[in-house]
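# Working through the structure, step by step
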Amino acid sequence: MMGNNDKNKDKDAPKMVRIAIIGLGLIGGSLGMAVRRALKDVQVAGFSRTVTTARKAKSAGAIDIDAPTAADAVRDARLVVLAAPVMTFPAILEEIAPALMPGAVVTDVGSTKAQVARWAQQILPDTVAFVGGHPMAGKEQSGIDAADPELFRGKPWAIAPGSHAPEAAVRTVISLAQLVGAEPLFVDAEEHDSYVAAISHLPLLVATALFSTANGSAAWPELAQLASSGFRDTTRLASGSPQMAHDIMASNRDNALHWLDRFTADLARLRALIADDDTKPLLEAFARAELERDNFMINGPPRREMERAPIEKIGISDMLLGSRLADLMRGGEQTLRRMEGPDTGRKK
């Protein structure tokens, strides 16, 4: 039997810090695994609308607690990560808003940022802070079965804080990205959506169209027998989550159409070169693409004259495991209210 002294010790013991992850697919599951592996004194609560997924996530070590609702998952959580399909975010934000503790930081891992930031501004109470995020990591497989704690290592993690996000909240999201091995970088939400439409969303459309073109042919049985690494590599993204692909395009329609139009124009240019009797310009086009891509693969991205300052290393324990986050966030809330004024457009 437990004595009075033991009971008092349990009562006086500090409550374990909670991180909540809403959505336990590839990204949410991988994040939970990585966080739990790195931090032993943090409790990870997770929620998935699919009971089987939640059970698998707990068995795989991605979460400590399988919460029955999203609101239950975020109660007492200092950091909340939205990892569900983007178009479900408004409903999730509405559900969790009343349950969020004052000073909590809410972030996301969605593929689009501007629309998500607008939803957060409209729905979340002004006692919490929202900082958008997007790890540039993934696989062709989707779901909790494909989760991998090493998924984010060495990958960029875009961070798009709103102009009113308290510094403590931004630092918390930076520390999360660094904790799982990612390389955080700051980007404006609108610019992010334009940029990723070119280098992430357009490849998804191209992969889908290419596979559909070949698969839709009456000769597909013969084509499939000849399909090798070139076809498989180029169409890899078509094996991703259909829901994720839908939500990306639905929440970033204008940018997706812009880059799709540019790509269509470039295909038309190549078609004209192929049709031309003079094939020298066609050879030059291939040679130019080879040269530029090889340069990119060998030397990395081209550098602007003004380089961004490197982001300092921030220990997440400094932000989550003590009282520092809550103290800073309380100060941040006061600053936030002063900056936004009486009419913020946010729900109270």
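Residues numbered from 1 in each chain as written. Predicted model: local features only at pLDDT ≥ 70, side-chain atom pairs only at ≥ 80, totals over all residues. Heavy atoms only, no water.

### What about the environment of Asp193?
Structurally, Asp193 can be placed in helix H8 (residues 189-215). A relative accessible area of 2% places Asp193 in the buried class. If we skip the residues at most four places from it in the chain, Asp193 touches Thr112, Lys113, Ala114, Gln115, Asn252 and Asn255. Polar side-chain contacts of Asp193 include one of 2.7 Å to the backbone nitrogen of Lys113. (Helix = DSSP H or I, 4+ residues; strand = E, 2+ residues; numbered from the N terminus. Buried < 20%, exposed > 50% of the residue type's maximum accessible area, 1.4 Å probe, protein only. Contact = heavy atoms within 4.5 Å. Polar contact = N/O pair within 3.5 Å; in protein donor to acceptor, adjacent residues only side chain to side chain.)

### Considering the packing of H8 against helix H12 (residues 253-275)
At a closest axis distance of 9 Å, the pairing of H8 and H12 adopts a crossing angle of 60°. Between H8 and H12, the crossing angle belongs to the class labelled oblique. The interaxial crossing formed by H8 with H12 has right-handed handedness. Each of Asp193, Ser194, Ala197, Ala198, Leu202, Leu205 and Val206 in H8 lies in contact with H12, whose residues at this interface are Asn255, Ala256, Trp259, Leu260 and Phe263. Classifying every residue of the contact of H8 with H12 gives nine nonpolar, two polar and one charged. (Axes fitted to C-alpha atoms, helices over the stretch in contact; angles between N-to-C directions. Parallel < 35°, antiparallel > 145°, perpendicular 65-115°, else oblique. Left-handed = near helix turned anticlockwise from the far one by under 90°. Nonpolar A, V, L, I, M, F, W, Y, C, P; charged D, E, K, R; others polar.)

### Here's the deal with the pattern of salt bridges
Under the counting rule described, the total for this entry stands at nine salt bridges. Among the ionic pairs, Asp108 bridges to Lys113, the shortest N-O distance being 2.8 Å. With a shortest N-O distance of 2.9 Å, Asp266 and Arg269 are connected by a salt bridge. You can see Asp266 and its partner Arg269 sitting in helix H12, three residues apart, about one turn around the helix. Taking relative accessible area as the criterion, Asp266 reaches 36% and is therefore assigned partly exposed. Among the charged side chains, a salt-bridge network with shared partners connects Arg37, Glu150 and Arg153. (Salt bridge = Lys/Arg side-chain N within 4 Å of Asp/Glu carboxyl O.)

### A short note on helix H7 (residues 167-179)
Between its first and last C-alpha, H7 extends 18 Å over 13 residues, near the 18 Å set by a 1.5 Å rise per residue. Where burial is concerned, most of H7 is hidden: 11 out of the 13 residues are buried. Those residues of H7 that sit buried are Ala168, Ala169, Val170, Arg171, Thr172, Val173, Ile174, Ser175, Leu176, Ala177 and Gln178. (Expected span 1.5 Å × (residues − 1).)

### Observations regarding the pairing of strand S8 (residues 183-186)
In this sheet, S8 lies alongside strand S7 (residues 156-161) in parallel orientation, the contact comprising four bridges. What sits directly across from Ala158, in S8, is Leu185. For the crossover that starts at S7, traverses H7 and ends in the parallel S8, the hand is right-handed. (Pairing = 2+ DSSP bridges. Right-handed = clockwise from strand over helix to strand, strands pointing away.)

### As for H8
Between the first and last C-alpha of H8 there are 36 Å, a value that for 27 residues agrees with the 39 Å anticipated at 1.5 Å per step. Of the residues making up H8, those classed as buried are Ala189, His192, Asp193, Val196, Ala197, His201, Leu202, Leu204, Ala207 and Ala214. Backbone nitrogen of Glu190 and a side-chain oxygen of the N-cap are separated by 3.0 Å at the start of H8; the cap is Asp188.

### Overview of the packing of aromatic side chains
In this structure the tally under the stated criterion is four aromatic pairs. Taking 5.5 Å as the distance between ring centres and 50° as the angle between the ring planes, the aromatic pair formed by Phe152 and Trp157 counts as tilted. Here the two residues Phe152 and Trp157 agree in accessibility, since each one is buried. Ring geometry for Phe211 versus Trp220: centroids 5.5 Å apart, planes at 75°, classification edge-to-face. For Phe211, a relative accessible area of 30% puts it in the partly exposed group. Here the aromatic residues Phe211, Trp220 and Phe231 are joined through ring pairs into a cluster of three or more. (Phe/Tyr/Trp six-rings, centres within 6.5 Å; stacked < 30°, edge-to-face > 60°.)

### So, a nonpolar patch on the surface
Together, Phe296, Met297 and Ile298 line one region of the surface with nonpolar side chains, adding up to about 350 Å² of accessible area. Its place among the elements puts Phe296 in helix H13 (residues 280-299). Residue Phe296 is classed as partly exposed on the basis of its relative accessible area, which comes to 44%. (Patch = residues over 30% accessible without salt bridge, like charges linked within 9 Å, V, L, I, M, F, W, Y side chains within 5 Å. Areas by Shrake-Rupley, 256 points an atom, 1.4 Å probe, with all protein chains shown as cover.)

### Considering the confidence of the model for the chain
Mean pLDDT over the chain: 87, with 84% of residues reaching 70 or higher. In the model of the chain, helix H15 (residues 324-340) stands out as the element of lowest mean pLDDT, 44, in contrast to helix H5 (residues 89-96), which has the highest, 98. Counting interchain partners and residues more than four positions distant, the pLDDT-below-50 stretch residues 6-14 has two contacts. Taken together, the stretch residues 328-346 has pLDDT below 50 and engages in 33 contacts with residues farther than four places along the chain or on a different chain. (pLDDT = per-residue confidence, 0-100.)

### What to know about a negative patch on the surface
A contiguous patch of negative charge, built from Asp276, Asp277, Asp278 and Glu284, is present on the exposed surface. Residue placement: Asp278 occurs in the loop between H12 and H13. (Lys, Arg positive; Asp, Glu negative; His and termini not counted. Charge placed at Lys NZ, Arg CZ, Asp CG, Glu CD.)

### Observations concerning unusual backbone geometry
Even without glycine at this site, Asp76 takes up a positive phi of about 70°. Structurally, the position occupied by Asp76 is in the loop between helix H4 (70-74) and strand S4 (77-82). Assessed through its relative accessible area of 44%, Asp76 is described here as partly exposed.

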